[in-house]
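# Topology and contacts: notes
Listed below are the residues making up each chain.
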Amino acid sequence: MVIQQGNDMKERLAIVDGIRSPFCKSGTSMANILADDLGAVIVKELIARTEIDLKLIDELIFGNVGQPANAPNIARVIALKAGLPLEVIAHTVHRNCASGMESVTTGYDKLLAGNANILIAGGTESMSNLPFNFSKKMTQVFENVMKAKSIGQKLSAISTLRPADLKPVISIVEGLTDPVCGLSMGQTAEVLAREFAITRAEQDQFALQSHLKAAKANEAGFFTQEIHPIMLPPDYSHVQFNDNAIRHDQSLEKLAKLKPFFDRVAGTVTAANACPITDGAGAVLIMLESKAKELGYSPLGYLKAYSYAGLQPERMGLGPVYATSKLLDKTGMAISDFDLVELNEAFAAQVIANQKAFASAVFAQRYLHKDKALGVLNSDLLNVNGGAIALGHPVGATGTRLIITMLNALRRRNKNSGLVTLCIGGGQGAAIALEVE
Ligand SMILES: CC(=O)SCCNC(=O)CCNC(=O)[C@H](O)C(C)(C)COP(=O)(O)OP(=O)(O)OC[C@H]1O[C@@H](n2cnc3c(N)ncnc32)[C@H](O)[C@@H]1OP(=O)(O)O
């Protein structure tokens, strides 16, 4: 089907099928699997499930944020480890937390431009193995030790080290800190909590709901369709079947006991109303709708249109409202046209802030140059199977997961139209319109 977008006629993107790994808290079951290996397992399984002829695949595009030194251009490493032919080219994309969505939209553009016919897109992240950078002094000492010709020279090089030199310049926390505004992602959530007067109790209530919904969906087997179990090193005799950050013992009393993490004095954002640091990967097989028909596929669903938007880095959490505003302009759709919404739960405060901004005419006039509010994000239709607070957020992979989760949820409910949107560190937002038939 060709759809009208403004003055453009564009064919829809067919998402033939999509799968992901379980999402696991960093430092737990999948901590010893590198991001490239995890991505390769998922791509192999996607190929097996779709029975795509490998010779037909033009390129693999993968998102990844904490690009590991052992696998530069991780997409190419994944392609080769997954057994794709040498001729299948590959490149890595990086749009912070939307990287796993950027791979899909970059792929869509390539297909529309006629530069490819069939692609694999996805995202992978091992936050357990994010690279640590050390100070210039520390790296100089490493170099001197490597060059030293005798034990004496090595010891002499090491003796110049001081305890302060051991502190990493970039660790996980610094990696999740915006280099322009200087705030960590959690601190940007505190900014929104203050701007929208969101209480700690509201945030904890939201976090509780995320776990309750995720636990229910997990018990009902809703994720089995999308999750490919992962065999765990070192002996590969244990298998990780499910997302492991979902709490089955959650209560408001437990949540209320936690101290704020990012602003210890006056803050409201805690480890429990923030998404956890997570390992995971996901992949989709994509082509234009006409190609999917030609090959006899019945796609999982379709991407109809997408938009990215920019805003202040310290208010990055509001990216969804800005990006969705552009998406609605582009498609002529209204919020009420969507049967379900997935809005990535980086932080409870950030999702609640978006709900308030979507519903506010004042916000729309002041920031979106619109007369009316975008529309209410009905809580019953929002993140119906829980979100990143419970499921986790492996930053390079989440964009792909949201697409897969949304399409499966629409199909399960016999619904047609879904909005997937997320905030992006650095001050951006992403929004896509999905459909199933
Ligand atoms: C654009 C974007 O998407 S931005 C988002 C990008 N991602 C992020 O910024 C990640 C945000 N999250 C974080 O940085 C981390 O999860 C932090 C810093 C908040 C917490 O990290 P950690 O301290 O390692 O988390 P951890 O899971 O150990 O939790 C800390 C404590 O809270 C407790 N806790 C965490 N969640 C819960 C919960 N839901 N219920 C009860 N207790 C909880 C833990 O049990 C732990 O307690 P303990 O110290 O007694 O063992």
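Values in this document were obtained by computation on a predicted structure and should not be read as measured data.

So, on to the site of the ligand. Close to the ligand lie 23 residues; Lys-25, Cys-97, Gln-250, Cys-275 and His-393 are nearest. Residue Lys-25 places a side-chain N or O atom 2.3 Å away from an oxygen atom belonging to the ligand. Taken together, the residues of the shell around the ligand sort by class into 17 nonpolar, four polar and two charged.

This part covers unusual backbone geometry. Put simply, Pro-233 and Pro-234 share a cis peptide bond, and its omega is 10 degrees. With respect to the element layout, Pro-234 can be found in the loop between β8 (230-232) and β9 (238-240). Backbone geometry at Asn-96 places phi at a positive 45 degrees, although glycine is not the residue there. Assignment of secondary structure puts Asn-96 in the loop between β6 (89-93) and α3 (99-112). For Asn-96, a relative accessible area of 28% translates into the label partly exposed.

Attention shifts here to a nonpolar patch on the surface. Taken together, Met-231, Tyr-236, Val-239 and Phe-241 make up a surface patch of nonpolar side chains, about 410 Å² in accessible area. Within the fold, Tyr-236 resides in the loop between β8 and β9.

Tallied over the full model, the rule gives seven aromatic pairs. An angle of 80 degrees between the planes, with centres 6.4 Å apart, marks the rings of Phe-134 and Phe-142 as edge-to-face. A residue is classified by how much of its surface remains accessible, and Phe-134, at 31% relative accessible area, is partly exposed. Each ring, one from Tyr-322 and one from Phe-363, has its centre 6.0 Å from the other, and the planes form 80 degrees; the classification is edge-to-face. In this pair, Tyr-322 is assigned in helix α11 (residues 319-331) and Phe-363 in helix α13 (residues 361-367), connecting sequence segments 41 residues apart.

Where α3 meets helix α15 (residues 398-412), the closest approach of the two axes is 4 Å, and the angle between their N-to-C directions is 70 degrees. By the angle between their axes, α3 is roughly perpendicular relative to α15. Judged by residue contacts, Gly-100, Met-101, Ser-103 and Val-104 of α3 engage Gly-399, Thr-400 and Ile-403 from α15. Here the residues of the contact of α3 with α15 sort into three nonpolar, four polar and no charged.

It is worth spelling out the state of the cysteines at this point. A full pass over the atoms with the stated rule returns zero disulfides. Here Cys-24 is not cross-linked by a disulfide; its sulfur's nearest cysteine counterpart is in Cys-275, at 15 Å. Given the relative accessible area of 0%, Cys-24 is considered buried. Here Cys-423 is not cross-linked by a disulfide; its sulfur's nearest cysteine counterpart is in Cys-97, at 6.3 Å. Classification of Cys-423 as buried rests on a relative accessible area of 3%.

What follows concerns the side chain of Asn-64. Its place among the elements puts Asn-64 in the loop between β5 (59-63) and α2 (74-81). Given the relative accessible area of 0%, Asn-64 is considered buried. Side-chain polar atoms of Asn-64 contact the backbone oxygen of Thr-124, separated by 2.7 Å. Excluding residues that lie within four positions of it along the chain, Asn-64 makes contacts with Ala-35, Ile-74, Thr-92, Val-93, His-94, Ser-99, Thr-124, Glu-125 and Gly-396.

Structurally, Gly-186 is set in helix α7 (residues 185-195). Of the residues examined, Gly-186 reaches a relative accessible area of 1% and is grouped as buried. Taking the C-alpha atoms as reference points, Gly-186 and Asp-263, 77 residues apart in sequence, are found 8.8 Å from one another. When residues no more than four places from it in sequence are discounted, the contact partners of Gly-186 are Phe-262, Val-269 and Phe-347.

About the thresholds
Residues numbered from 1 in each chain as written. Predicted model: local features only at pLDDT ≥ 70, side-chain atom pairs only at ≥ 80, totals over all residues. Heavy atoms only, no water. Near = heavy atom within 4 Å. Polar contact = N/O pair within 3.5 Å; in protein donor to acceptor, adjacent residues only side chain to side chain. Nonpolar A, V, L, I, M, F, W, Y, C, P; charged D, E, K, R; others polar. Helix = DSSP H or I, 4+ residues; strand = E, 2+ residues; numbered from the N terminus. Buried < 20%, exposed > 50% of the residue type's maximum accessible area, 1.4 Å probe, protein only. Patch = residues over 30% accessible without salt bridge, like charges linked within 9 Å, V, L, I, M, F, W, Y side chains within 5 Å. Areas by Shrake-Rupley, 256 points an atom, 1.4 Å probe, with all protein chains shown as cover. Salt bridge = Lys/Arg side-chain N within 4 Å of Asp/Glu carboxyl O. Phe/Tyr/Trp six-rings, centres within 6.5 Å; stacked < 30°, edge-to-face > 60°. Axes fitted to C-alpha atoms, helices over the stretch in contact; angles between N-to-C directions. Parallel < 35°, antiparallel > 145°, perpendicular 65-115°, else oblique. Contact = heavy atoms within 4.5 Å. Disulfide = S-S within 2.5 Å.

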